[in-house]
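Structural overview
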Amino acid sequence: MKVLICNPEESEAIKLQKQIETFSERAQITLETFVFLNPVDAAASKIRFDIAVIEAGMEDLSGITLGKILVTAIPYIKLIFTSSQSKNLDAAFDVNAVRFLKRPYSQARFLSGLKEAIRRVDSETICFDFKDGNDTVRVCKSSIMYIEIENRKTKIITEDNTYYSKNPMTYWKEHLHSVKFLSPHKSYLINTDYIEKYKRNQYVVMNGGSTISIARGKGALFHRSYTAYKSLML
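In this report, we go over the structure that sits alongside the text. (Residues numbered from 1 in each chain as written. Predicted model: local features only at pLDDT ≥ 70, side-chain atom pairs only at ≥ 80, totals over all residues. Heavy atoms only, no water.)

**Quick word on the overall build of the protein chain**
The helix and strand tally for the protein chain stands at seven helices and 15 strands. Whereas a compact globule of 234 residues would reach a radius of gyration of roughly 17 Å, the protein chain reaches 19 Å, a difference of no more than 12%. Taken along the three principal axes of its C-alpha coordinates, the protein chain extends 55 × 40 × 25 Å. Counting every position in the protein chain, which comprises 234 residues, the buried fraction comes to 49%. (Helix = DSSP H or I, 4+ residues; strand = E, 2+ residues; numbered from the N terminus. Rg over C-alpha atoms; globule rule 2.2 N^0.38 Å. Buried < 20%, exposed > 50% of the residue type's maximum accessible area, 1.4 Å probe, protein only.)

**Brief notes about the pairing of strand β4 (residues 78-83)**
Of all six residues that make up β4, six are buried, and the element is covered over most of its length. Burial of the side chains of β4 extends over both faces: Lys 78, Ile 80 and Thr 82 are buried on one face and Leu 79, Phe 81 and Ser 83 on the other. Here five bridges tie strand β3 (residues 51-55) to β4, and the two strands are oriented parallel to one another. Looking across to β4, one finds that Ala 52 is bridged to Leu 79. Following the backbone out of β3, through helix α3 (residues 63-73) and into the adjacent parallel β4, one traces a crossover that is right-handed. In this view, the connection linking β4 to its parallel neighbour strand β5 (residues 99-102) by way of helix α4 (residues 89-94) has right-handed handedness. (Pairing = 2+ DSSP bridges. Right-handed = clockwise from strand over helix to strand, strands pointing away.)

**Notes on the pattern of salt bridges**
Summed over the entire model, instances satisfying the criterion amount to seven salt bridges. One salt bridge connects Lys 155 with Glu 148, and the closest N-O pair in it is separated by 3.6 Å. For Lys 155, a relative accessible area of 15% puts it in the buried group. Exposure remark for Glu 148: the relative accessible area of 16% places this residue in the buried category. (Salt bridge = Lys/Arg side-chain N within 4 Å of Asp/Glu carboxyl O.)

**Looking at the layout of surface pockets**
The computed volume of the largest pocket comes to approximately 760 Å³. Taken together, 27 residues line the largest pocket, and the ones lying closest to its centre are Met 1, Thr 30, Lys 173, Ser 178 and Phe 181. Breaking the lining of the largest pocket down by element, the ones donating at least two residues are α6 (169-175), β11 (181-185) and α7 (219-232). Looking at the lining of the largest pocket, its residues break down into 12 nonpolar, eight polar and seven charged. (1 Å grid on protein atoms, 1.4 Å probe; cavity = no way out; pocket = protein on both sides within 12 Å on 5 of 7 lines; lining within 4 Å. Points joined across faces, edges and corners; volume = space filled by probe spheres on them. Nonpolar A, V, L, I, M, F, W, Y, C, P; charged D, E, K, R; others polar.)

**Quick look at the packing of aromatic side chains**
Counted according to the given criterion, the structure contains eight aromatic pairs. Ring geometry for Tyr 171 versus Trp 172: centroids 4.9 Å apart, planes at 90 degrees, classification edge-to-face. Given the relative accessible area of 1%, Trp 172 is considered buried. Taken together, a centroid distance of 6.0 Å and an interplanar angle of 20 degrees make the contact between Phe 222 and Tyr 226 stacked. One end of the pair, Phe 222, and the other, Tyr 226, are both in helix α7, four residues apart, so they sit about a helical turn from each other. (Phe/Tyr/Trp six-rings, centres within 6.5 Å; stacked < 30°, edge-to-face > 60°.)

**Observations concerning the packing of helix α1 (residues 10-27) against helix α5 (residues 107-123)**
Where α1 contacts α5, the axes come no closer than 11 Å and their chain directions differ by 60 degrees. The hand of the α1/α5 crossing is right-handed. The residues of α5 that touch α1, namely those facing Leu 16, Gln 19, Ile 20 and Phe 23, are Gln 107, Phe 110, Leu 111, Leu 114, Lys 115 and Ile 118. (Axes fitted to C-alpha atoms, helices over the stretch in contact; angles between N-to-C directions. Left-handed = near helix turned anticlockwise from the far one by under 90°. Contact = heavy atoms within 4.5 Å.)

**Quick notes on the sheet that holds strand β9 (residues 153-158)**
Across the sheet, five strands lie side by side as β10-β9-β8-β12-β11; this open sheet has antiparallel pairing. Two strands lie at the open edges of the sheet, namely β10 (162-165) and β11, each paired on one side alone. Ignoring which end each strand starts from, the neighbouring axes of this sheet average 25 degrees apart. Where β11 meets strand β12 (residues 188-191), three bridges bridge the pair, whose relative direction is antiparallel. By the bridge assignment, His 185 is partnered in β12 with Tyr 188.

**Focus: α3**
Those residues of α3 lying buried are Gly 63, Ile 64, Leu 66, Gly 67 and Leu 70. Down the axis of α3, the buried side of the element spans an arc of 155 degrees, and every buried residue falls inside it. On its buried side, α3 packs onto β1 (2-6), α2 (39-44), β3, β4 and α4. (Arc of directions from axis to C-beta.)

Structural data, given as structure tokens:
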């Protein structure tokens, strides 16, 4: 997941970045951070962020306005606001903020908000359109069991059907911005909610019976990421 940090105070921005990176390392969840000291630069970024940690009171462009711009461009983004005042509280929740943290706040409270933002990103309904004969079918992220490379295409297996896409695996890894989608093998991207059986360092069995091998060298990372996701969802 991609996390934007926008705070005009460099020391505060770096502090938040270190907290997120430490949490990412300990939880074995990939969180890539991007720090902006200027909200105008953050608003102009072409990166599709999943989570944004924004200082509510900023000059040039307020944090609330930045939040509105981000939500318009990236509807699924989850916002966490920080502030030394409470006056922006109502405005923050008008843009569906996950948390509004008034200083001083504890690291535990910040990380609680970050975990909730991750959960909400994972539960977001994101859909893709596929051609099925002459029809266009909308498939939601939550119904995708796994994606497999087949020849020069990718095969998308859902609960009810199979679709083919010209998009490469890199496209799906970029767009399925979720900690629940993991890659046990370079040819597969699987939705761990559909794992029926897991044999550590060897294979997973998906709902419906498909067995997917875990590649040598990926076993430890897959295990850490899978168990971290399950713990996060508790």
